[in-house]
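Below are the chains, spelled out letter by letter.
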Amino acid sequence: MNTTVKRSLSGTVFLAVMLGGLLLGRWPFTILFAFITATMMEEFYRMTMGKSYRRLQSLAVSLAIGLFVVVNFELSDGESGITALSCGFIFVIALMVASLFEKDHTDFMKTGFLYAGMLYIGLPLALSNFVVFQEGGTFSGILMIAFFSIIWASDVGAYCFGLLLGQKIWPAKLCPTISPKKSWAGYVGGLATSVLAGAILSWTGLVSFPMVHCLVMAALMHVAGVFGDLFESMWKRAAGIKDSGNIIPGHGGLMDRFDSALFAIPTGYFYLMLFDLV
């Protein structure tokens, strides 16, 4: 099958699954994001730890899923979610204690990646529950769809502008030591398309925030998303791999799809909280 066709088909399926998980209600969202949490954690540990401490890796993945589910259940009951988030600290302590009972401590320094995965992936995905649960425990995936619309608009804009202008017209590289293909043309193009997406979200009434807040939020999410993309690229470069996985044909792993979102979604939600908009 042609690579472009493969990427298009898998991208369409991915989009359909994401929209279904966010529009069909709480349980599809919970199942989908618990799966995303597990898969991304496994990709990260495979990248950083290989086959070392497989039992601890499995425990860390289980604890990350547990944190997501605990926050999900508390918010669905109309609670603040703060109590559930405190479980994250308890889970990390449990992981530390479990590491003491490993028979072989030769590569014990590698266990630090377990906690990195919890902080880098497990916590942001657990916090995603705050985006979809409104006061009183009502579920709505609209704000999350708006966030992903901004992130995807940023990605598409960066790719298109980078392809059109980043080769000869404006070839200056954004961060050549980490991601040689990323150009300033792509960065500016992604900023423009993400802000445009924010404006469209406001114009269409998909979100009820004032226009100025949509524009600023979109710009901040773009910047955060770029850092998220570069951060994952740094991990992959250190590990000597091109993709985090192959679960999405032609696109790589879930970390490759959600690297921007791990930074951008918390940034967007924090901005809305700062101005008491959520």
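The rules behind each value
- Residues numbered from 1 in each chain as written.
- Predicted model: local features only at pLDDT ≥ 70, side-chain atom pairs only at ≥ 80, totals over all residues.
- Heavy atoms only, no water.
- Helix = DSSP H or I, 4+ residues; strand = E, 2+ residues; numbered from the N terminus.
- pLDDT = per-residue confidence, 0-100.
- Expected span 1.5 Å × (residues − 1).
- Bend = angle between axes of the 7 residues up to and from the residue.
- Patch = residues over 30% accessible without salt bridge, like charges linked within 9 Å, V, L, I, M, F, W, Y side chains within 5 Å.
- Areas by Shrake-Rupley, 256 points an atom, 1.4 Å probe, with all protein chains shown as cover.
- Salt bridge = Lys/Arg side-chain N within 4 Å of Asp/Glu carboxyl O.
- Buried < 20%, exposed > 50% of the residue type's maximum accessible area, 1.4 Å probe, protein only.
- Lys, Arg positive; Asp, Glu negative; His and termini not counted.
- Polar contact = N/O pair within 3.5 Å; in protein donor to acceptor, adjacent residues only side chain to side chain.
- Phe/Tyr/Trp six-rings, centres within 6.5 Å; stacked < 30°, edge-to-face > 60°.
- Pairing = 2+ DSSP bridges.

Trainee: Is there a simple way to explain the environment of Gly25 in this structure?
Mentor: Here Gly25 lies in the loop between helix H1 (3-23) and helix H2 (26-48). With 202 residues separating them along the chain, Gly25 and Phe227 place their C-alpha atoms 31 Å apart.

Trainee: Explain the confidence of the model for the chain to me, please; I cannot follow it from the model alone.
Mentor: Residues with a pLDDT of 70 or more make up 98% of the chain, whose mean pLDDT is 92. Element-level pLDDT for the chain is lowest in strand E1 (residues 173-175), with a mean of 83, against a maximum mean of 97 in H2.

Trainee: Please explain helix H5 (residues 112-132) as it appears in this structure.
Mentor: Counted at 1.5 Å a residue, the expected span for H5 with its 21 residues is 30 Å, and the 31 Å between its end C-alpha atoms agrees. At Gly122, H5 shows its largest bend, some 35 degrees, and a proline, Pro124, comes one to four positions later.

Trainee: So what exactly am I meant to see when it comes to a nonpolar patch on the surface here?
Mentor: There is a patch of nonpolar side chains on the surface, built from Phe89, Ile90, Ile93, Met96, Val97, Leu100, Phe101 and Phe108 and spanning about 810 Å² of accessible area. Looking at the secondary structure, you find Phe101 in the loop between helix H4 (82-100) and H5.

Trainee: Got a minute to help me understand the environment of Leu24 in this structure?
Mentor: Here Leu24 lies in the loop between H1 and H2. According to the relative accessible area criterion, Leu24 is exposed, its value standing at 65%. Spatially, the C-alpha atom of Leu24 lies 10.0 Å from that of Phe139, the residues being 115 residues apart in sequence.

Trainee: Teacher, can you tell me more about unusual backbone geometry here?
Mentor: Most peptide bonds take the trans form, and the phi angle of most residues other than glycine is negative. If you check the backbone angles, Tyr53 has positive phi at about 50 degrees while not being a glycine. Along the chain, Tyr53 turns up in the loop between H2 and helix H3 (54-76). The exposure class assigned to Tyr53 is buried, which follows from its relative accessible area of 10%. Residues other than glycine seldom take positive phi values, yet Asp276 does so here, at roughly 55 degrees. By secondary structure assignment, the location of Asp276 is in the segment after helix H9 (254-274).

Trainee: Teacher, can you tell me more about the side chain of Glu43 here?
Mentor: As for its position among the elements, Glu43 is in helix H2. Buried within the structure, Glu43 lacks any salt-bridge partner; Arg46 is the closest side chain of opposite charge, at an N-O distance of 4.8 Å. A distance of 3.1 Å separates polar atoms of two side chains, one belonging to Glu43 and the other to Ser244.

Trainee: Before we go on, may I ask you to explain H2 in this structure?
Mentor: For an α-helix the count is 3.6 residues per turn, leaving residues at separations of three or four pointing the same way. In this model H2 runs 33 Å from its N-terminal to its C-terminal C-alpha over 23 residues, within 8% of the 33 Å that 1.5 Å per residue would give. With 17 of its 23 residues buried, H2 lies for the most part within the structure. Following H2 by one or two positions, Gly50 adopts a phi angle in the positive range, close to 60 degrees.

Trainee: Help me understand the pattern of salt bridges in this model?
Mentor: Side-chain pairs of opposite charge can arise where the charged atoms are in close proximity. Applying the stated criterion across every chain, the model contains 5 salt bridges. One salt bridge connects Lys236 with Glu232, and the closest N-O pair in it is separated by 3.7 Å. One end of the pair, Lys236, and the other, Glu232, are both in helix H8 (residues 211-239), 4 residues apart, so they sit about a helical turn from each other. Here Lys236 and Glu232 have matching classes, each one buried. Across the pair Lys236 and Asp256 runs a salt bridge, and its minimum N-O distance is 2.9 Å. With Lys236 in helix H8 and Asp256 in helix H9, this residue pair connects regions lying 20 residues apart in the sequence. For the pair formed by Lys236 and Asp256, the shared burial category is buried. Each of Glu232, Lys236 and Asp256 takes part in salt bridges that share partners, so that together they form one network.

Trainee: Quick question: what am I supposed to make of the packing of aromatic side chains here?
Mentor: Any aromatic ring pair is given by two values, namely how distant the centres are and how the planes are angled relative to each other. The full count for this structure, using the stated rule, is 18 aromatic pairs. Pairing Phe14 with Trp152 gives two aromatic rings, centres 6.4 Å apart and planes at 65 degrees, and the pair type is edge-to-face. One end of the pair, Phe14, is in helix H1; the other, Trp152, is in helix H6 (residues 142-165), and 138 residues separate them in sequence. Taking relative accessible area as the criterion, Phe14 reaches 16% and is therefore assigned buried. Look at Trp152 and you get partly exposed, because its relative accessible area is 24%. Judged by centre distance (5.8 Å) and plane angle (35 degrees), the rings of Phe231 and Phe263 are tilted. Of this pair, Phe231 sits in helix H8 while Phe263 is found in helix H9, placing the two residues 32 residues apart along the sequence.

Trainee: What is the right way to look at the pairing of strand E2 (residues 179-183) in this model?
Mentor: Residues in a regular strand point their side chains to alternate faces of the sheet. Note: E1 against E2, 2 bridges, orientation antiparallel. Its bridge partner being in E2, Cys175 is matched across the sheet by Ser179.

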